[in-house]
Amino acid sequence: MISFIRSKTAAVAVVGIAAASLALTGCAGGSGSGGSTSAASGTYTFWDPYPQFDDSSDWAKLVQACGTEAGVTVERTGYDTSDLTSKALLAGQQGNSPDLLLVDNPVVSTLAEAGLLTDTDETGADTADIEPNILAAGQIDGKTYGVPIGANTLALYYNKSVLDAAGVDPASITDWDSLTAALEKVTAAGKKGITFSGIGTEEGSFQFLPWYWGSGAELTDLSSDDAVSALSLWTDWVDQGYAPNSVIGNTQTTSWQEFLTGDFAFGENGTWQLVGVKESGIDYGIISIPAKDGGAAPAPTGGEFLTVPVQGDDARYDVSEKIQSCLTSTDNLVATDTTLSYVAPTKDAQEQQVQADPDLEPWVTAVGDAKGRTSDDLGTKYPKISEQLWKAVQNSLSGSASPEDALDEAQQAAESATK
């Protein structure tokens, strides 16, 4: 989510990076990019999850510019996210992986555990400036596989007009109790409380995780008391009418459409909706999703990692790292991440983004509190656990099982699936 979630949103984005600025920033800002390109030659292959960007796009021009400064020609191919994963696995098994591969961050662990990716120690990639919580999505057993190009996450959009009419100050919302009290006031005033995506897919898990983690629960124990409290929160909201029954089947897109009606006080959604809410005419604000007992809950990070697959000729890694370094230099990160509605993975680039658009500040804060879905060394266990989690959410929200029973069943299934 581009992570899985964001990747799909980026697929309909229109690139607005200025071609002239890309040509100027090239690789000059990247570490290890200057002085040695004359020794390199040939063609390097690059796969990414952006099939909507053709050769005339500014993204494609940036990739080519980075190749040129590294002294090579880059042959780029864009695939749909799901196709990219399967093609990358097949290519690795056949020994003909691309030189560079840009993938959704949960996919990194799948490819790394299959032995198909180099780590940054092998390539010499510099990750010192990358924010640790963003980098963690690409780390397994103490090794780092690739460099993130950006991140997004979730927060709560709110409708100021709806809250004002109900006498709710958004600054008063600091934990679950105060949020539930606000929803009660809003619905008593004749408006709707909160909408989110609880669909039985990874999108549902993605949206539930801030509440799950915000309870103190860990993904290794789906049936803990903390986990039950998180699912009880969502279930109680639906039962009491604070959230609509539609959340059971809502994708992030349909829940966003509900928020845009102007009837809801809150909508849980991502960084990628910022442009849309500005255009909607809604008098909006953004707050971090609160943790159960106060403070910000860690929401999951979305976004892609630029990785270097294993090659038969390891001499190719030097040029691949130069291209990687170029694409993740500060100037290029700011241009690309701003266009794709990502928060950059480094402090310097984040500061430039906020200077250009102060509305990004709450999203920088939210990303700072976020964590990778495959963090905590879950790796390829994550999707198996996530499937059971979204099933539990579905069973509880639909009323077919209590939160306790739904999560007990989920934990048993997750333990069996991850043995």
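Quick note: structure is the one above.
Residues numbered from 1 in each chain as written. Predicted model: local features only at pLDDT ≥ 70, side-chain atom pairs only at ≥ 80, totals over all residues. Heavy atoms only, no water.

Caption draft 1: Representation of empty space enclosed by the protein within the structure. Evaluation of the coordinates by the stated rule reveals six cavities of 30 Å³ or more. For the largest cavity, the calculated volume is near 50 Å³. Lining the largest cavity are Leu154, Ser288, Ile289, Ala297, Ala299, Ala366 and Asp369. Grouping the amino acids of the lining of the largest cavity by side-chain chemistry returns five nonpolar, one polar and one charged. (1 Å grid on protein atoms, 1.4 Å probe; cavity = no way out; pocket = protein on both sides within 12 Å on 5 of 7 lines; lining within 4 Å. Points joined across faces, edges and corners; volume = space filled by probe spheres on them. Nonpolar A, V, L, I, M, F, W, Y, C, P; charged D, E, K, R; others polar.)

Caption draft 2: Just the sheet that holds strand S9 (residues 264-270), in detail. Spatially, the four strands line up as an open sheet ordered S8-S9-S7-S10, and their pairing is mixed. With partners counted over all chains shown, the strands left at the sheet margins are strand S8 (192-195) and strand S10 (284-287), one partner each. For this sheet, the mean angle separating the axes of adjacent strands, direction not counted, is 20 degrees. Bridge count for strand S7 (residues 154-159) against S10 is four bridges, and the pairing is antiparallel. Within the sheet, the bridge partner assigned to leucine 156 lies in S10 and is isoleucine 287. Sitting on the sheet, helix H9 (residues 176-188) touches S7, S8 and S9, and the angle it makes with S8 is about 135 degrees. Helix H12 (residues 252-259) contacts S7, S8 and S9 of the sheet and is inclined by roughly 150 degrees relative to S9. (Pairing = 2+ DSSP bridges. Helix = DSSP H or I, 4+ residues; strand = E, 2+ residues; numbered from the N terminus. Axes fitted to C-alpha atoms, helices over the stretch in contact; angles between N-to-C directions. Contact = heavy atoms within 4.5 Å.)

Caption draft 3: Spotlight on the pairing of strand S11 (residues 304-307). Burial of the side chains of S11 extends over both faces: Glu304 and Leu306 are buried on one face and Phe305 and Thr307 on the other. Pairing analysis gives four bridges linking strand S3 (residues 100-104) to S11, with the strands arranged antiparallel. Residue leucine 101 lies in a different strand from S11, and its bridge partner there is threonine 307. Relative to S11, strand S6 (residues 147-148) runs antiparallel, the two being bridged by two bridges. Bridging across to S11, proline 148 finds its partner in phenylalanine 305. (Buried < 20%, exposed > 50% of the residue type's maximum accessible area, 1.4 Å probe, protein only.)

Caption draft 4: Local environment of the packing of aromatic side chains. Per the stated rule, a full pass over the model turns up 13 aromatic pairs. Arranged with centres 5.4 Å apart and planes meeting at 55 degrees, the rings of tyrosine 50 and phenylalanine 53 form a pair that is tilted. Overall, tyrosine 50 belongs to the buried group, its relative accessible area being 0%. Residue phenylalanine 53 is classed as buried on the basis of its relative accessible area of 5%. (Phe/Tyr/Trp six-rings, centres within 6.5 Å; stacked < 30°, edge-to-face > 60°.)

Caption draft 5: Here's a closer look at the sheet that holds S11. One open sheet accounts for five strands, arranged S2-S1-S3-S11-S6; its pairing is mixed. Each end of this open sheet is capped by a strand with a single partner; those strands are strand S2 (73-78) and S6. With respect to the sheet, helix H3 (residues 58-69) is in contact with strand S1 (43-48), S2 and S3, its orientation differing from that of S2 by roughly 150 degrees. Its contacts with the sheet place helix H5 (residues 105-113) against S3 and S11, and it is angled at close to 125 degrees to S3.

Caption draft 6: Broad picture of the pattern of salt bridges. This structure, assessed with the given rule, holds twelve salt bridges. In this structure, arginine 373 and glutamate 202 form a salt bridge, with 3.2 Å as the shortest nitrogen-oxygen distance. Placement of the pair is arginine 373 in the loop between helix H17 (361-369) and helix H18 (382-397) and glutamate 202 in helix H10 (residues 202-214), with a sequence separation of 171 residues. Of the two residues, arginine 373 and glutamate 202, both sit in the buried class. Put simply, lysine 371 and aspartate 376 hold a salt bridge, and the shortest N to O gap is 2.9 Å. On the basis of relative accessibility, which here comes to 19%, the residue lysine 371 falls in the buried class. Given a relative accessible area of 52%, aspartate 376 falls into the exposed group. Three or more residues are tied together by salt bridges with common partners; here these are Lys278, Asp357 and Asp359. (Salt bridge = Lys/Arg side-chain N within 4 Å of Asp/Glu carboxyl O.)

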